[in-house]
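# Chains, contacts and geometry: an overview
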Amino acid sequence: MIKTLLVLFILLTTISTVNADVPKPKTPDKAAKQVLRTGLEIVPDPKVYEAKLQIGQSDFNVLRASLDGNGGNAPVVGGIMFSAPRTIVAGLLMFMAMSVAGVLIARSSSVGRAQKTVGAVLLVAVLLGAAAIITRGNAGPPPSWRWRNLPQALAEGKPTLGGVEVEVVADDQLNGRMMRLIIPLKKQNSPGEE
Amino acid sequence: MQDATVINGWPQRATPTTMPFSAIVVLSVLAAAAFAGWLPLQVSIVTLFLFAGPHNWFELRYFLMRLPVRFGRSRNFFLTAFAGLGVLTLTYVSLPFLYNATLWSEEAWYVVVASWNTALMVWLALLVWLRSRQKPRANWKWTIPVALALCSLNWLGPDLFSLAIVYVHPLIALWFLDRHIRRTRPAWSRAYRRCLWLVPLVLAVMIWQLSLATPLADNNGLFWRITQHSGAEVLPQVSSHMLVSVHLFLEILHYAVWIIALPLIGRIGSARFWEVRTVPIARHPKGFPRIVACALAFAIMAVVGLWLGFSVDYATTRDVYFTIAIAHVLAEAPFLLRML
């Protein structure tokens, strides 16, 4: 009996030791929640003594609505937004447009076979283009394009305007800091540098 | 001495040269772009104050000039046009009241706006179909898939679609002028169409020059309204200076066409545009001179009322005007189709 208890004690102690050596499972980073897409202007001002972050009243209202839970899933202002019902309606209408256009081209007696082929290819291209716009949601240049001259503009004391997405992230992801501004800039090599 | 002939009620005159006309068009386009790019907010305020009301009066008179005494074969077309005009205008005007009275989510409002835009597209497609039935040689079936595709894009971005209407509407005036020149002064048509190529070039230069301009100061209610109307909230990544300038440039062209170009080129009623009898449906023995006179007189009172409103409370009057003005935007569609 005593031997049994001793073995059990040793076994439990061993298990505890082994468990103690296992590192604490890392909690996955909580995905950042995008709450606002707006414009940001970085303005160097020699007259002020402290950095300021100014936000418009309308943007602030959107932020507050998001914090209150009234902002929807992604209150992205400006641009093509994803919404299941509206996307379904848009898809149905686009399907009807492509179908009717295809029937009209096929039934057109004044159009030759080669022209019909070209028309069909163009229709497919338009369809693919529209699909690309829908999926990417950004038909213009990449947002980073506007920030490409930021270092030069700062050096010259000029303002720079570009788009910005406001995200709410977990505190531990900011490493003790309160806010972080991430600018999409690529390192530019000097002329002689590879 | 030039011979004057009348085609569809419009005097037609031969012209020896198009050079002065082309020079005036080019200078007007460049001047409009310069003013719009230089002081967009200030010029926008002055332009709207001076020309918004009068341009609506001239548009009303132009539409009355184009209205037949009896609808005849076009009965269904005009009934559809007026019914759609009434319903779409009323629903559009009711949207701000609905917005204040309800607490719908942003997504619900997108659906409402997308539905109104879809109704507009359906109405336009119906008008095109009815008009095409009167023109057996015209093949306008391609407009059906185009309308469906536009409806589809509208549901993806209703606010962008509405903004597109704001920017496209001023260009319709250039189309009216084109059709009018072809009827009244065909010798100018080629020169006019060549001059039109200047518009996209000027727009490209404006966008190129102003795309990185510092945003306009919208620190008061009026400036904020002007930038919002030009799409500053819908397109936050674009400089508001560029948006307001481009929109103002198009608006100036729009007003210039309706107030100056169309009355002068058409020589409406031998330049006595204020006389009711120069309107065909008022002059005709079976016409409606009293109704036409009342409509034009009421429109004059509305113009004066608009000026008074702008003087007392510019910002509120601006909001009210741009809400009600959807009627003249819609009215252009059937009358333009009648000219095609």
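Residue numbering note: each chain is counted from 1, following its sequence as written. Written order determines the labels here, with chains lettered from A and ligands numbered from 1. Since the coordinates come from a predicted model, pLDDT governs what is reported: local features require at least 70, and pairs of side-chain atoms require 80 or more to be given and counted, while whole-chain, interface and lining totals use all residues.

### Regarding the overall build of chain B
Our working rule: Strands are runs of DSSP state E lasting at least two residues, helices are runs of H or I lasting at least four, and both sets are numbered from the N terminus onward. Here exposure depends only on C-beta density: within 10 Å of a residue's C-beta, 20 or more other C-beta atoms make it buried, 12 or fewer make it exposed, and intermediate numbers make it partly exposed, the C-beta atoms being placed from the backbone. Throughout, a residue-residue contact means that the two C-beta atoms, derived from backbone geometry, are no farther apart than 7 Å.
A tally of helices and strands in chain B yields 14 helices and two strands. Here chain B holds 340 residues, and 31% of them are scored as buried. Excluding contacts between residues fewer than 6 apart, the proportion of contacts in chain B whose partners are at least 24 apart in sequence is 77%.

### Let's talk about the overall build of chain A
If you tally the helices and strands in chain A, you get five helices and two strands. Counted from the first residue to the last, chain A has its helices and strands arranged as α-β-α-α-α-α-β. Looking at chain A residue by residue over its 194 residues, the buried ones come to 13%. Sequence separation of at least 24 residues holds for 69% of the intrachain contacts in chain A that already meet a minimum separation of 6.

### Examining the environment of B:Pro215
Here B:Pro215 shows up in the loop between α8 (198-210) and α9 (221-229). Beyond its immediate sequence surroundings of up to four residues, B:Pro215 is in contact with A:Glu41, A:Leu161, B:Ser239, B:Ser240 and B:His241.

### As for the nonpolar core
Definition in use: Residues enter a nonpolar core if they are buried, belong to Ala, Val, Leu, Ile, Met, Phe, Trp, Tyr or Cys, and are joined to the set through C-beta atoms within 7 Å.
In this structure, B:Phe249, B:Ile252, B:Leu253 and B:Val257 are the most contacted members of the largest nonpolar core, which totals 43 residues. Counting residues per element, the ones that place at least two in this core are α1 (19-38), α2 (40-66), α6 (158-184), α7 (186-196), α8, α9 and α10 (240-266) of chain B. At 15 residues, the largest contribution of residues to this core is made by α10(B). Grouped together as the second largest cluster of nonpolar side chains are 16 residues, A:Ala90, B:Ala114, B:Leu153 and B:Phe161 included.

### With respect to the environment of B:Ala331
Residues and elements named next belong to chain B. You can see alanine 331 is positioned in helix α14 (residues 326-339). The class for alanine 331 is partly exposed, based on 18 C-beta atoms found within 10 Å. Each C-alpha atom, one on alanine 331 and one on glycine 84, is 9.5 Å from the other, the two residues being 247 residues apart in sequence. Here alanine 331 is in contact with Phe63 and Leu85, once residues within four sequence places are set aside.

### A word on the interface of chain B and chain A
Short version of the rule: Residue type decides the class: Asp, Glu, Lys and Arg count as charged, Ala, Val, Leu, Ile, Met, Phe, Trp, Tyr, Cys and Pro as nonpolar, and the leftover types, Gly among them, as polar.
Counting residues at the interface gives 26 residues for chain B and 26 residues for chain A. Residue assignment for the side of chain B that touches chain A shows that the elements contributing at least two residues are α4 (106-133) and α5 (143-156) of chain B. The dominant element in the side of chain B that touches chain A, judged by the number of residues it contributes, is α5(B), at eight residues. Of the residues that constitute the side of chain B that touches chain A, the class distribution is 16 nonpolar, six polar and four charged.

### Details of the environment of B:Pro54
Counting through the fold element by element, B:Pro54 comes out in helix α2. Those residues in contact with B:Pro54 that lie beyond four places of it in its chain are B:Ile259 and B:Val303.

### Description of the confidence of the model for chain A
Atomic detail in the predicted coordinates should be set aside for any region of low pLDDT. Residues and elements named next belong to chain A. Our working rule: The predictor attaches a confidence to each residue, called pLDDT, with possible values from 0 through 100.
Across chain A, the average pLDDT comes to 68, with 53% of residues at or above 70. Per-element confidence in chain A ranges from a low mean pLDDT of 58 for helix α1 (residues 2-21) to a high of 84 for helix α5 (residues 150-156). Segment residues 71-79 is flagged for pLDDT under 50; beyond a separation of four residues in sequence, or across chains, it makes 27 contacts in the model.

### Quick notes on the packing of α9(B) against helix α13 (residues 314-324) of chain B
All names here are of chain B. Filter applied, for reference: Here, axes are lines fitted to C-alpha atoms. For helices the fit covers the stretch in contact, and angles between N-to-C directions go from 0 to 180 degrees. If an angle is under 35 degrees, it is roughly parallel; if it is over 145, roughly antiparallel; if it lies from 65 to 115, roughly perpendicular; otherwise it is oblique. By the definition used in this description, the sense in which the near helix is turned from the far one sets the handedness, with an anticlockwise turn below a right angle giving left-handed and a clockwise turn giving right-handed.
Relative orientation of the contacting elements α9 and α13 amounts to 25°, with a least axis distance of 9 Å. Our classification of the angle between α9 and α13 gives roughly parallel. In this structure, the crossing between α9 and α13 has a hand that is left-handed. Of α13, the residues touching α9 (which contributes Gly221, Leu222, Arg225 and His229) are Tyr314, Ala315, Arg318, Asp319 and Phe322. Considering only residue class, the contact of α9 with α13 consists of four nonpolar, two polar and three charged.

### Description of the confidence of the model for chain B
Residues and elements named next belong to chain B. On average, residues of chain B score 82 in pLDDT, and 92% of them are at 70 or above. Looking at the elements of chain B, mean pLDDT is at its lowest for strand β1 (residues 4-7), recorded as 44, and at its highest for α8, recorded as 89. Of the regions scoring below 50 in pLDDT, residues 1-7 engages in 10 contacts with residues more than four places distant in sequence or in other chains. Predicted complex metrics record ipTM = 0.70 and pTM = 0.66.

### A closer look at the packing of α6(B) against α7(B)
Two quantities define a packed helix pair, namely the angle between the axes and the distance from one axis to the other. All names here are of chain B. For the pair α6 and α7, interaxial distance at closest approach is 7 Å and the crossing angle is 155°. As summarised for this structure, α6 and α7 are arranged roughly antiparallel, according to the angle between their axes. Of the residues in α7, those touching α6 at Leu174, Asp178, Ile181 and Arg182 are Pro186, Trp188, Ser189, Tyr192, Arg193 and Leu196. The residue inventory of the contact of α6 with α7, partitioned by class, reads six nonpolar, one polar and three charged.

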